[in-house]
Amino acid sequence: MKKTIILTMAFALFIFFSSFALESLAWRPPPKPGGGLALYVKKHNYQVGETVKFMLYKHAGVDDTPANLEGSYYVISKKKDNNKWREFYTSRKNPFGTTLNLETPLVWTWDQKDNERTHRAKPGEWRLRFFAPKGNISEPLKVKFTIR
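Remember, predicted model here, so these are calculated numbers, not experimental data. (Residues numbered from 1 in each chain as written. Predicted model: local features only at pLDDT ≥ 70, side-chain atom pairs only at ≥ 80, totals over all residues. Heavy atoms only, no water.)

### Re the overall build of the protein chain
Turning to step 1, where the next piece is worked out: Secondary structure assignment for the protein chain yields one helix and ten strands.
Turning to step 2, where the next piece is worked out: Ordered by position from the N terminus, the helices and strands of the protein chain form the series α-β-β-β-β-β-β-β-β-β-β.
Turning to step 3, where the next piece is worked out: By sequence separation, contacts in the protein chain at least 24 residues apart represent 62% of the contacts at least 6 residues apart. (Helix = DSSP H or I, 4+ residues; strand = E, 2+ residues; numbered from the N terminus. Contact = heavy atoms within 4.5 Å.)

Rendered as structure tokens:
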């Protein structure tokens, strides 16, 4: 009886942790020549209300130290008809801590709601800009996606 319970629990844990492994294998960042910090979006097209998934990744290369994320934040904006961007959601400072280790994916999601949690994103062209003022990046990292 004890063996059956232990085997069942071990199998359940294996299935649980395998799902995380499969998720990370299904979405591997492409190599970045020279290394450095990079930003990715899981898909380029999302449906209204669908969870949007992003990844920040520190590639190996010239600078193989962990990425400095101190003071970092990100802004999600919608492109308007006049080709200007309007901020819709702004993260808090240091949403992921202050460092990102080398070759370690940092994945997070956005539920398409604004900071007040009262408005949902509408169809259109969107972008996320990631700012790391103390990191070794000269411009904010950007990734674009569409909500349909």
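### Thoughts on unusual backbone geometry
Turning to step 1, where the next piece is worked out: If you check the backbone angles, Asn-83 has positive phi at about 65° while not being a glycine.
Turning to step 2, where the next piece is worked out: Locating Asn-83 in the fold gives a position in the loop between strand 5 (73–79) and strand 6 (85–90).
Turning to step 3, where the next piece is worked out: For Asn-83, a relative accessible area of 55% puts it in the exposed group.
Turning to step 4, where the next piece is worked out: Phi at Gln-112 is positive, roughly 70°, even though this residue is not glycine. (Buried < 20%, exposed > 50% of the residue type's maximum accessible area, 1.4 Å probe, protein only.)

### With respect to the nonpolar core
Turning to step 1, where the next piece is worked out: Core analysis: the biggest nonpolar cluster contains 26 residues, and Phe-54, Leu-56, Trp-110, Phe-130 and Phe-145 have the highest contact counts within it.
Turning to step 2, where the next piece is worked out: Secondary structure elements with two or more residues in this core: strand 1 (36–41), strand 3 (52–59), strand 5, strand 8 (105–110), strand 9 (124–131) and strand 10 (141–147).
Turning to step 3, where the next piece is worked out: Counting residues per element, this core draws most heavily on strand 10, at four residues.
Turning to step 4, where the next piece is worked out: Dropping the residues within four chain positions of it, Phe-130 is found in contact with Leu-37, Leu-39, Leu-56, Leu-69, Ser-72, Tyr-73, Tyr-74, Phe-96, Ile-137, Pro-140 and Leu-141.
Turning to step 5, where the next piece is worked out: Counting five residues, the second-largest nonpolar core is a separate cluster that includes Trp-27, Ala-38, Tyr-40 and Met-55. (Core = buried A, V, L, I, M, F, W, Y, C linked by side-chain atoms within 4.5 Å.)

### What to know about the sheet that holds strand 6
Turning to step 1, where the next piece is worked out: Taken together, the five strands give an open sheet; going across it, the order is 2-10-9-5-6, and neighbouring strands pair in mixed fashion. Edge positions in the open sheet fall to strand 2 (45–46) and strand 6, since each of these has one partner strand only.
Turning to step 2, where the next piece is worked out: Where strand 2 lies against strand 10, two bridges are found, and the strand directions are parallel. Residue pairing in the sheet places Asn-45 in a bridge with Thr-146 of strand 10. (Pairing = 2+ DSSP bridges.)

### Digging into the pairing of strand 5
Turning to step 1, where the next piece is worked out: Counting buried residues in strand 5 gives five out of seven residues, a clear majority hidden from the surface.
Turning to step 2, where the next piece is worked out: When strand 5 meets strand 9, the two strands line up antiparallel, connected through six bridges. In the sheet register, Tyr-73 faces strand 9, and the bridge partner there is Phe-131.
Turning to step 3, where the next piece is worked out: As defined by bridge partners, strand 5 adjoins strand 6 across five bridges and the pair is classed as antiparallel. In the strand pairing of strand 6, Lys-78 is matched with Arg-86.

### Quick look at the pairing of strand 10
Turning to step 1, where the next piece is worked out: Here strand 10 shows one buried face, formed by Leu-141, Val-143, Phe-145 and Ile-147, and one open face, formed by Lys-142, Lys-144 and Thr-146.
Turning to step 2, where the next piece is worked out: Bridge analysis of strand 9 against strand 10 gives seven bridges, and the strand direction is antiparallel. Paired with Trp-126 across the bridge in strand 10 is Phe-145.

### Some details on the packing of aromatic side chains
Turning to step 1, where the next piece is worked out: Under the counting rule described, the total for this entry stands at 13 aromatic pairs.
Turning to step 2, where the next piece is worked out: Ring geometry for Phe-88 and Trp-126: centres 5.2 Å apart, planes at 80°, overall edge-to-face. One end of the pair, Phe-88, is in strand 6; the other, Trp-126, is in strand 9, and 38 residues separate them in sequence.
Turning to step 3, where the next piece is worked out: For Phe-88, a relative accessible area of 22% gives the class partly exposed.
Turning to step 4, where the next piece is worked out: Taking the relative accessible area as the measure of exposure, Trp-126 reaches 0% and is therefore buried.
Turning to step 5, where the next piece is worked out: Taking the centre distance of 6.3 Å and the plane angle of 25° together, the rings of Phe-96 and Phe-130 count as stacked. In this pair, Phe-96 is assigned in the loop between strand 6 and strand 7 (99–100) and Phe-130 in strand 9, connecting sequence segments 34 residues apart. For the pair shown, Phe-96 and Phe-130 are each scored as buried. (Phe/Tyr/Trp six-rings, centres within 6.5 Å; stacked < 30°, edge-to-face > 60°.)

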